[in-house]
Every structure is written in C-alpha cells, then in structure tokens.
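The lines below spell out each chain.
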Amino acid sequence: MTVSDIKDLLEAEVLCGEEFLSNHVHTACGSDMMSDVLAYVKDQSVLLTGLCNPQAIRTAEMMDIVCVVFVRGKQPDEAIVELARERHITLLSTELRMFAACGILYEAGLRGGAKS
Amino acid sequence: MSSGEKPAYTGTMKLHYDVNASDFSKAGVVSGEVKKLLKVKRGVPAEVVRNVAIAMYEAEINMVIHANGGHIDIEITEKEITIIFADKGPGIPDIAKAQQAGFSTACENIRSLGFGAGMGIPNMKKYADFLDIKSEVGVGTTVTMKIFL
C-alpha cells in the first residue's frame, strides 16, 4: 500500500509531503501515547494519532515513520507541519475517528506488524 | 538507507548539549541531531541509528518532563556510542519500580502531551545495549546508556 492509497481510503487531506505520496507503507500503528509507539519498531510505517503536537512528529522522526495521519479532524499548526516537511514526512488529516480509520486500513490489508 | 560511499570519519567524537525544559516542543531536538549525525556523517546502519534515537529520545523527554532539563554528554567511537544524561531534578525514589512497564508518576498534563504511559525506562532498556540509572532524591538523576555501533 502507498501513502496515496491511505489518503484515498481515509478521504484525508494532505497537509505536507505531497511529493512522497508514492512511498510504500508496510505496517501501521494507532496510538495517542508516544511511548507505546516507540515500544515497537516497524519498517516503512504509518502512525495514526489524535496527538496533535510536535512530539508526534519527533516520534515519527526517531522511528523512521513515513506518514502521520491525524484522526478526528485534527489540524496541526504551521510549526508542526514545518517540522514534518523538514523531515520528509507526509502529514494527512482525516475526519474519521481512530477506530474507524484503523479498521479501514486493516480491511484494506495493512497490518500492525509489531516486532518486539 | 545507506549512501553508497562509506564516510571517512570514524574517529572519536565528544559532544555536549544543554537540554532546556521551558519549551516542550523542543524536547527531542538533541536526539534528532545525533540521529542525523550517526546516519549522515558516520554511516551507521539505519537500524542501529534508530535504536540510539529511540533510547535517547525517551531519556531526553524524561529529562524535560520530570527534571526541568539537564545536560547530555556523548562520546562516539568506532565501536560504540555512550550517552550520559545528567539532571538536577527531584530524583527517582524507587528505581526498580520506575523500570516496570506501565509504572508512571506523570500527571494528566504530561499524558495529554502523549507521554507518561510508563514505557520510558522499559524502552530505554529495550533499545540500549547497556543502561545504568543512578539517582538520589532531591539531588538528581544520571542515566548512562551505551549502544554498540
């Protein structure tokens, strides 16, 4: 699945990183607690979160996460978007809630794929 | 993701950073810089770089949310990276308890920032090859971690 597929499936708005929509995503993780995200390394993954602060982007940076999806229609401020832009991370925003967004991606074949 | 050519620089490097706790949005800046340095300047494999970044980030965040900032001293050799986090915060009364997954003293405010799930020290342990925590209540905490490169 590509970042572009995720954007379409979640009817999401692209906030930055439009040029990386063709990046492949192999796994996903949905959480508002960043330490829970940091506990499991995944490759080429997408993070779905309701946490709309710079630490969501920094967590993605440390984990080499390629795309962050803000659920529940959250809109990050420009400083957050800029942080993601500098790190070549695609930011998406969807009106869907966490459960529904994760469910749609799961149904489309994306898995958690957590390696402990 | 490694560039074809191996970087020439493999000598010992020492770095010092001050961590300021006044701006939470800046927490993680040091970890991000070290990550970039290991990846770009030293050519360390992506998986190892990520382990360093995650372990460091957890410690840096802890320093900001619990200890009002502190200092980070880093030594990078060809074989390993040693990172020492020193703060003059409140100290950890029970280090064994603090290492249990899920144990947290973080308040609701910190949780709303995405931290305080009680996974900080467990994550440091998981991603570092060596972890030592020394702490005295009322004096401060020193966390030493090593990761083999």
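Note that the structure is a prediction, hence the values are computed from the model and not measured.

A.B. asks: For this particular structure, what's the right way to read the overall build of chain A?
C.D. replies: What chain A contains, in helices and strands, is 5 helices and 5 strands. Starting at the N terminus, the α and β elements of chain A follow one another as α-β-β-α-β-α-β-α-β-α. Against the compact-globule benchmark of 13 Å for 116 residues, chain A has a radius of gyration of 12 Å, which places it among compact chains. Dimensions of chain A along its principal axes, counting C-alpha atoms only, are 30 × 30 × 25 Å. Within chain A, residue pairs in contact and separated by at least 24 positions form 51% of the contacts whose partners lie at least 6 positions apart. In the structure as shown, chain A presents an accessible area of about 5000 Å², 50% of it carried by carbon and sulfur atoms. Put simply, chain A has 10 plus and 17 minus side-chain charges, and the middle of one group is 6 Å from the middle of the other.

A.B. asks: What is the right way to look at the overall build of chain B in this model?
C.D. replies: Within chain B, the regular secondary structure consists of 5 helices and 5 strands. Scanning chain B from its N terminus toward the C terminus, one meets helices and strands in the order β-α-α-β-β-α-α-α-β-β. In terms of C-alpha radius of gyration, chain B reaches 15 Å, essentially the compact-globule figure of 15 Å for 149 residues. Here chain B holds 149 residues, and 47% of them are scored as buried. Across chain B, contacts joining residues at least 24 apart in sequence account for 64% of those joining residues at least 6 apart. Total accessible area computed for chain B in this model is approximately 7600 Å², and 53% of it derives from carbon and sulfur atoms. One finds the centroid of the 17 positive side-chain charges in chain B at a distance of 4 Å from the centroid of its 17 negative side-chain charges.

A.B. asks: Help me understand the interface of chain A and chain B in this model?
C.D. replies: Reports often express the size of an interface as the amount of accessible area lost when the parts come together. Contact with chain A, which involves 22 residues of that partner, is made by 28 residues of chain B. In total, chain A and chain B occlude about 2000 Å² of area from one another, counting both sides; carbon and sulfur atoms represent 54% of this. The interface formed by chain A and chain B includes 3 salt bridges. As a salt-bridge pair, Asp 64 of chain A and Lys 35 of chain B come within 2.5 Å of each other at their nearest N and O atoms. Linking chain A to chain B there are 16 residue pairs in polar contact (both at pLDDT 80 or more). At the level of secondary structure, the elements contributing two or more residues to the side of chain A that touches chain B comprise helix 2 (34–38) and helix 3 (54–63) of chain A. Of all the elements, helix 3 of chain A adds the most residues to the side of chain A that touches chain B, at 7 residues. Class assignment for the residues of the side of chain A that touches chain B results in 10 nonpolar, 5 polar and 7 charged.

A.B. asks: For this particular structure, what's the right way to read the packing of aromatic side chains?
C.D. replies: In this description, a pair of aromatic rings is defined by centroid distance and the angle of the planes. Per the counting criterion, the structure on display carries 2 aromatic pairs over all chains. Their ring planes at 75° and their centres at 6.4 Å tell us that Phe 24 of chain B and Phe 115 of chain B sit as a pair that is edge-to-face. Taken together, the residues span a long stretch of sequence, with Phe 24 of chain B in the loop between strand 1 (13–19) and helix 1 (29–41) and Phe 115 of chain B in the loop between helix 4 (108–111) and helix 5 (120–127) at a distance of 91 residues. Residue classification places Phe 115 of chain B among the buried residues on the basis of a relative accessible area of 2%. Among the aromatic residues, those joined into a cluster by ring pairs are Phe 24, Tyr 57 and Phe 115 of chain B. Between Arg 111 of chain A and the ring centre of Tyr 106 of chain A, over which it is positioned, the NZ or CZ distance is 3.7 Å. Lying over the aromatic face of Tyr 40 of chain A, Lys 126 of chain B brings its terminal NZ or CZ to 4.5 Å of the ring centre.

A.B. asks: Would you mind showing me how to read helix 5 of chain B here?
C.D. replies: Working note: α-helix, 3.6 residues per turn, so residues spaced by three or four point in the same direction. With respect to burial, helix 5 of chain B is a largely interior element, 6 of its 8 residues being buried. For helix 5 of chain B, the full list of buried residues reads Gly 120, Ile 121, Pro 122, Asn 123, Met 124 and Tyr 127 of chain B. Taken together, the buried residues of helix 5 of chain B touch helix 2 of chain A together with helix 2 (46–67), helix 3 (95–98), strand 4 (130–136) and strand 5 (140–148) of chain B.

A.B. asks: Would you explain the packing of helix 3 of chain A against helix 2 of chain B in this entry?
C.D. replies: Two numbers describe a pair of packed helices, the interaxial angle and the distance between the axes. Their axes nearest at 8 Å, the elements helix 3 of chain A and helix 2 of chain B cross at an angle of 150°. If you check the angle between helix 3 of chain A and helix 2 of chain B, you find them roughly antiparallel. Where helix 3 of chain A approaches helix 2 of chain B, its residues Gln 55, Arg 58, Thr 59, Met 62 and Met 63 of chain A are matched on the opposing element by Arg 50, Ala 53, Ile 54, Tyr 57 and Ile 61 of chain B. Looking at the contact of helix 3 of chain A with helix 2 of chain B, its residues break down into 6 nonpolar, 2 polar and 2 charged.

A.B. asks: Would you explain the sheet that holds strand 2 (residues 27–30) of chain A in this entry?
C.D. replies: Whenever strands of a sheet pair, they do so through backbone hydrogen bonds, lying parallel or antiparallel. Residues and elements named next belong to chain A. Sheet architecture is open: 5 strands sit in the order 1-5-4-3-2, paired in mixed fashion. The open sheet has two edge strands, strand 1 (13–16) and strand 2, and neither has a second partner. Between one strand axis and the next, the sheet turns through 25° on average, direction left out of account. Of the strand pairs in this sheet, strand 2 and strand 3 (residues 45–49) are connected by 4 bridges, and their pairing is parallel. When the bridges of strand 3 are listed, Thr 27 appears paired with Ser 45. Lying over the sheet, helix 4 (residues 78–86) contacts strand 1, strand 4 (67–70) and strand 5 (90–93), oriented at roughly 75° with respect to strand 1. Its contacts with the sheet place helix 5 (residues 98–107) against strand 2 and strand 3, and it is angled at close to 155° to strand 3.

Reading guide: rules and limits
Residues numbered from 1 in each chain as written. Chains lettered and ligands numbered in written order. Predicted model: local features only at pLDDT ≥ 70, side-chain atom pairs only at ≥ 80, totals over all residues. Heavy atoms only, no water. Helix = DSSP H or I, 4+ residues; strand = E, 2+ residues; numbered from the N terminus. Rg over C-alpha atoms; globule rule 2.2 N^0.38 Å. Contact = heavy atoms within 4.5 Å. Areas by Shrake-Rupley, 256 points an atom, 1.4 Å probe, with all protein chains shown as cover. Lys, Arg positive; Asp, Glu negative; His and termini not counted. Charge placed at Lys NZ, Arg CZ, Asp CG, Glu CD. Buried < 20%, exposed > 50% of the residue type's maximum accessible area, 1.4 Å probe, protein only. Buried area = accessible area lost by both parts, 1.4 Å probe. Salt bridge = Lys/Arg side-chain N within 4 Å of Asp/Glu carboxyl O. Polar contact = N/O pair within 3.5 Å; in protein donor to acceptor, adjacent residues only side chain to side chain. Nonpolar A, V, L, I, M, F, W, Y, C, P; charged D, E, K, R; others polar. Phe/Tyr/Trp six-rings, centres within 6.5 Å; stacked < 30°, edge-to-face > 60°. Lys NZ or Arg CZ within 6 Å of the ring centre and 35° of its normal. Axes fitted to C-alpha atoms, helices over the stretch in contact; angles between N-to-C directions. Parallel < 35°, antiparallel > 145°, perpendicular 65-115°, else oblique. Pairing = 2+ DSSP bridges.

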